[in-house]
Protein chains: 2
Amino acid sequence: MLENIFGLILKEIRSEKNISQEKLAEFSNLDRTYISLLERGLRQPTLTTIFKLSAALQITPQELIHKVYESYQHAKK
Amino acid sequence: MLENIFGLILKEIRSEKNISQEKLAEFSNLDRTYISLLERGLRQPTLTTIFKLSAALQITPQELIHKVYESYQHAKK
DNA sequence: TTGTGACTTCCAGTCCGTC
DNA sequence: AGACGGACTGGAAGTCACA
């Protein structure tokens, strides 16, 4: 549930910034295929991964989590 | 690094709310010993654990992350 | 540019307990 | 109430070749 939402939000933000999965992987020091797994909701990030990704996307972790939270609250109903 | 900060923040918030580790474990459906590991910075939470914990502490996930982020930014210098 | 399957290593998280 | 230990299972981290 949360993984899927996180994946969608991640993809959404990345797309808005016109960054490829490859570039995001490079900026965050994560593997390109791992980004793909995250976006498809097949993996769940840990705290440090959340921080790495938000830094790479040039947003704060709380902004990222906030979007996930909003979407999650909405989806729960 | 991040684990330690997260642990401190978690303990801080929990203490402020006067909740025992045991109660927090109960509210969040996590193990008592695991809460202890988190607070001592020996384990790192995943996204769902962050959500579970913040729900149990009656704060939003972004508030929790925000505190961690502030403390992290401060510690980096 | 991304999805996917396969794989290994390591850690998230649980359960038993003691101090 | 909380620190800390050992042993365990599932699943995340991290990487590869290929479609």
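Residues numbered from 1 in each chain as written. Chains lettered and ligands numbered in written order. Predicted model: local features only at pLDDT ≥ 70, side-chain atom pairs only at ≥ 80, totals over all residues. Heavy atoms only, no water.

Turning next to the nonpolar core. Grouped burial of nonpolar side chains is what soluble globular proteins tend to show. Phe6, Leu24, Phe51 and Leu53 of chain A together with Phe6, Leu24 and Leu53 of chain B are the most contacted members of the largest nonpolar core, which has 49 residues in total. Those residues in contact with leucine 53 of chain B that sit more than four places away from it in its chain are Phe6, Leu10, Leu24, Ser28, Leu30, Ile35 and Leu38 of chain B. (Core = buried A, V, L, I, M, F, W, Y, C linked by side-chain atoms within 4.5 Å. Buried < 20%, exposed > 50% of the residue type's maximum accessible area, 1.4 Å probe, protein only. Contact = heavy atoms within 4.5 Å.)

DNA strand C sits among 20 residues. The nearest are Gln21 and Arg40 of chain A together with Tyr34, Arg43 and Thr49 of chain B. Restricting the count to atoms of DNA strand C within 4 Å of the protein gives a sugar and phosphate share of 60%. At 2.5 Å from a phosphate oxygen of DNA strand C is found a main-chain nitrogen or oxygen belonging to glutamine 21 of chain A. Measuring from a phosphate oxygen of DNA strand C, one finds a side-chain N or O atom of tyrosine 34 of chain B at 2.3 Å. Secondary structure elements with two or more residues in the surface near DNA strand C: α1 (2–16), α2 (21–28) and α3 (32–39) of chain A together with α3 (32–39) of chain B. Here the residues of the surface near DNA strand C are counted per class, giving three nonpolar, nine polar and eight charged. (Near = heavy atom within 4 Å. Polar contact = N/O pair within 3.5 Å; in protein donor to acceptor, adjacent residues only side chain to side chain. Helix = DSSP H or I, 4+ residues; strand = E, 2+ residues; numbered from the N terminus. Nonpolar A, V, L, I, M, F, W, Y, C, P; charged D, E, K, R; others polar.)

A separate point is the relation of the copies chain A and chain B. Of the transformation placing chain A onto chain B, the axial shift is 0.0 Å and the rotation is 180°, giving an RMSD of 0.1 Å. Seen this way, the second copy is the image of the first under a two-fold rotation axis. Looking at the rotation axis and the C-alpha trace of chain A, the residue lying nearest is threonine 46 of chain A, at 1.9 Å. (Least-squares fit on C-alpha atoms with pLDDT ≥ 70 in both.)

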